[in-house]
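Structural description and commentary
Read off the chains here:
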Amino acid sequence: MAEANKALSVEFEGIQTMLQEAHETVEAIRGGAVDAFVMTGSDGAEQVFVLTGANQPYRLFVEQMNDGAVTLSNDAIVLYANKYFADLVKTPLEQIIGAPFDNFLSKKELLQPLLQESSAGNLEADLVARDGSTLPTYMSFSSLRNGESSWICLIVMDASEQKQQQALLQESQRLAAIGRTAAVLSHEIANPLSGMSATVQLMQRQIADIGAGDVFRDQLQLLNQEIGRLSALLNNFRSLSHPPQLNLVPADVASLLSETLKLLGTETTEAGIQIEQRFSPDVPLLSLDREKMKQVFLNLCKNAIEAMPSGGKLTIHTRLEEDSVLIEVRDTGVGIPAGVDIFDFFTTTKPEGSGLGLAIVRQIVTAQGGKVTYASEPGEGTSFLLSFPLNTPLT
Amino acid sequence: MGSTVINQSQDDTDKKWVLRLYVAGQTPKSLTALSNLKKICEGHLGEEYKIEIIDLVKNPQLAKQHDIVAIPTLVRNLPEPLKKIIGDLSNTDKVLRGLDLQQR
């Protein structure tokens, strides 16, 4: 009897323990203290199932990241894509999910390496958006096994900024090469040019001595002019290929501008151009190279005058805005067509222009810590804006 | 093996407390349970403990050993007897009682 009691007792304790544990489990579930469960499949193997809410951190991570994420079936149909990807291809998500990934690639044959089993890697590919525009991207892919099915996971990164940087780098390397060539060329050209100039002047004297008449004189005059033009071009080129040597002193922009305008007095009256000068008294002295800045102002004003062959108005303003000094040179002339970068070497709208003047302006202004920009309306006029920060660094 | 051990030292055999935390990857409750457990151990067990973390997502078959159904679950292997606490261990008092730890 006692044995039976003991057996019952033990069994009872066992049942109590089991009940206690079951009770605790239920309480834990009710209390939301657990978020995953172990289940036994029909094959007897355990599997862990996670409550959907628990995937939230991963989901948010993928949804919020600043790159495109795409999951493809192994025949390259999109099973999932995040919003970033949808924005990249400018297509609503519901038209992406279920569609062949091919639709978004500008070159379809790029999919081949992706479809190989268990491969992972990187590639560069152009995406094509709904509106036909393409976007260069870097993609990183890997295959993912999920039980029996095998998927491909893609991360798509917008490469346009890197491409831009690469293009800029190539461009600046190209320009550097041009600059070096120019320096060498101008050196080589300078000597023969001065020889030519000397010879022409000699010939002019000899002609005058033997009284050979006006015919030669005019032609020699023309020769001289052309040689002079070449020399000026050469000098401009030389100054562009070296950083300007600046002699910085405290300078009053207003007086520099006035002096420049005085030099152009005859030209402006002859062309019928009205001049308006407005110099703000708030503008302080700036650390500038006076001669070079006069060259800048001369260049800008001359351009303005040449843009108004039948008259117009030339406005020169200086003012203080926040922590910069702004200098504006505005004309009511022919304007500059859109899409042209007037600061580019050899870009000019003038039939006789060398195309270097504004490049030099920009070089001088930026070397002194300033910036130059322009706005233009063809037929209405152009406005150049120079801006110098108040504490112009000494470069 | 799918397990990580915390506060392991060269000679483990003298650890008075051997605890095993069953988690499911990095679900919020799993992370909470681990964080709570560490705090409790540091606060009440000094250096005498070792925590083993078993990720059942990586090794579901290990759930059998202690009959794990809901995750996270904490199992006290040592000192005996075996104790099981289910949930994210946020209720410190309940955990201390469950582990038979005196409130200091």
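Parameters at a glance
Residues numbered from 1 in each chain as written. Chains lettered and ligands numbered in written order. Predicted model: local features only at pLDDT ≥ 70, side-chain atom pairs only at ≥ 80, totals over all residues. Heavy atoms only, no water. Helix = DSSP H or I, 4+ residues; strand = E, 2+ residues; numbered from the N terminus. Buried < 20%, exposed > 50% of the residue type's maximum accessible area, 1.4 Å probe, protein only. Contact = heavy atoms within 4.5 Å. Areas by Shrake-Rupley, 256 points an atom, 1.4 Å probe, with all protein chains shown as cover. Salt bridge = Lys/Arg side-chain N within 4 Å of Asp/Glu carboxyl O. Axes fitted to C-alpha atoms, helices over the stretch in contact; angles between N-to-C directions. Left-handed = near helix turned anticlockwise from the far one by under 90°. Nonpolar A, V, L, I, M, F, W, Y, C, P; charged D, E, K, R; others polar. Pairing = 2+ DSSP bridges. Arc of directions from axis to C-beta. Core = buried A, V, L, I, M, F, W, Y, C linked by side-chain atoms within 4.5 Å. pLDDT = per-residue confidence, 0-100. Phe/Tyr/Trp six-rings, centres within 6.5 Å; stacked < 30°, edge-to-face > 60°. Buried area = accessible area lost by both parts, 1.4 Å probe.

Structural notes on the overall build of chain A
- Within chain A, the secondary structure is distributed over 11 helices and 14 strands.
- Split into buried and exposed, the 395 residues of chain A put 33% on the buried side.
- Put simply, 57% of the contacts in chain A that link residues at least 6 apart link residues at least 24 apart.

Concerning the overall build of chain B
- Counting its secondary structure elements, chain B contains two helices and six strands.
- Sorting the 104 residues of chain B into buried and exposed places 49% on the buried side.
- Pairs at least 24 residues apart make up 70% of the contacts formed inside chain B by residues separated by at least 6 positions.
- When the accessible surface of chain B is totalled, it reaches about 5400 Å², and 48% of it is carbon and sulfur.

A short note on the pattern of salt bridges
- Taken as a whole, this structure holds 18 salt bridges over all chains when the rule is applied.
- One salt bridge connects Asp100(B) with Lys83(B), and the closest N-O pair in it is separated by 3.4 Å. Note that Asp100(B) is positioned in the segment after helix H2 (92-98) and Lys83(B) in strand S6 (residues 83-86), a separation of 17 residues in sequence.
- Judged by its relative accessible area of 48%, Asp100(B) falls in the partly exposed class.
- Connected via shared salt-bridge partners are Arg319(A), Glu321(A), Glu328(A) and Arg330(A).

Overview of the packing of helix H10 (residues 290-306) of chain A against helix H11 (residues 357-367) of chain A
Residues and elements named next belong to chain A.
- Between H10 and H11, the least distance of the axes is 10 Å, while the angle of their chain directions is 145°. You can see that H10 and H11 cross each other, and the crossing is left-handed. Each of Lys-292, Met-293, Gln-295, Val-296, Asn-299, Leu-300 and Asn-303 in H10 lies in contact with H11, whose residues at this interface are Gly-357, Leu-358, Ile-360, Val-361, Ile-364 and Val-365.
- Classifying every residue of the contact of H10 with H11 gives eight nonpolar, four polar and one charged.

Description of the sheet that holds strand S1 (residues 36-40) of chain A
- Strand order in this open sheet of three strands is S2(A)-S1(A)-S4(B), and the pairing throughout is antiparallel. If you trace the sheet from one side to the other, it starts and ends with strand S2 (46-50) of chain A together with strand S4 (70-71) of chain B, each paired once.
- Here S1(A) runs beside S2(A); their pairing, made up of five bridges, is antiparallel. Across the sheet, the residue bridging to Met39(A) is Gln47(A), located in S2(A).

Focus on helix H8 (residues 253-263) of chain A
All names here are of chain A.
- Those residues of H8 that sit buried are Val-253, Ala-254, Leu-256, Leu-257, Thr-260 and Leu-261. Down the axis of H8, the buried side of the element spans an arc of 160°, and every buried residue falls inside it. In H8, the exposed residues that point more than 90 degrees away from the buried face are Lys-262 and Leu-263.

A closer look at the sheet that holds strand S11 (residues 312-321) of chain A
Residue and element names in this part refer to chain A.
- The sheet built from five strands is open, its strands ordered S9-S11-S12-S14-S13 with mixed pairing. The sheet is open, and its two borders are formed by strand S9 (273-279) and strand S13 (371-377), each paired with just one other strand. Going from strand to strand, the sheet's axes swing by 10° on average, the running direction of each strand aside.
- Of the pairings in the sheet, the one linking S9 to S11 comprises seven bridges and is parallel in character. The residue of S11 that forms the bridge with Ile-273 is Gly-312.
- Packed onto the sheet, H8 meets S9, S11 and strand S12 (324-331) and runs at close to 165° relative to S9.

Brief notes about the nonpolar core
All names here are of chain A.
- Core analysis: the biggest nonpolar cluster contains 40 residues, and Met-293, Val-296, Phe-297 and Leu-386 have the highest contact counts within it.
- Among the elements of the structure, helix H7 (214-241), H8, strand S10 (286-289), H10, S11, S12, H11 and strand S14 (381-389) are those that each provide at least two residues to this core.
- Tallying contributions element by element places H10 first for this core, with seven residues.
- The contacts of Phe-297, once residues within four sequence positions are left out, are Val-253, Leu-256, Leu-257, Thr-260, Ile-327 and Leu-386.
- Counting 24 residues, the second-largest nonpolar core is a separate cluster that includes Val-70, Leu-72, Ala-99 and Phe-101.

A few points about the confidence of the model for chain B
Residue and element names in this part refer to chain B.
- Of all residues in chain B, 86% attain a pLDDT of 70 or more, and the chain-wide mean is 84.
- For chain B, the element scoring lowest by mean pLDDT is strand S1 (residues 3-6), at 66; S4 scores highest, at 95.
- Interface predicted TM-score (ipTM) for the complex: 0.83; the corresponding pTM is 0.44.

A look at the side chain of Asn303(A)
- Position of Asn303(A) among the secondary structure elements: in helix H10.
- Setting aside chain neighbours within four positions, we find Asn303(A) in contact with Lys350(A) and Leu358(A).

Observations concerning the packing of aromatic side chains
- Inspection of the entire model under this criterion finds four aromatic pairs over all chains.
- Here the aromatic cluster, defined as three or more aromatic residues joined through ring pairs, consists of Phe85(A), Phe101(A) and Phe104(A).

Describing the interface of chain B and chain A
- Each partner contributes residues to the interface: chain B has 22 residues there, and chain A has 18 residues.
- Of the roughly 1600 Å² buried between chain B and chain A, counting both surfaces, carbon and sulfur atoms make up 62%.
- Remark: the boundary between chain B and chain A carries two salt bridges.
- In this structure, the salt-bridge partner of Lys84(B) is Glu21(A), at a minimum N-O distance of 2.5 Å.

Examining unusual backbone geometry
- In this structure, the amide linkage connecting Ile71(B) to the following residue, Pro72(B), adopts the cis form with an omega of 10°.
- Between Glu80(B) and Pro81(B) the backbone carries a cis peptide bond, its omega angle lying at 5°.
- Note on placement: Pro81(B) falls in the loop between strand S5 (73-78) and S6.
- Unlike most non-glycine residues, Glu322(A) shows phi in positive territory, near 50°.

Considerations on the environment of Glu80(B)
Residue and element names in this part refer to chain B.
- Mapped onto the elements, Glu-80 comes out in the loop between S5 and S6.
- For Glu-80, a relative accessible area of 66% gives the class exposed.
- Residues Glu-80 and Trp-17 lie 63 residues apart in sequence; the distance between their C-alpha atoms is 9.3 Å.

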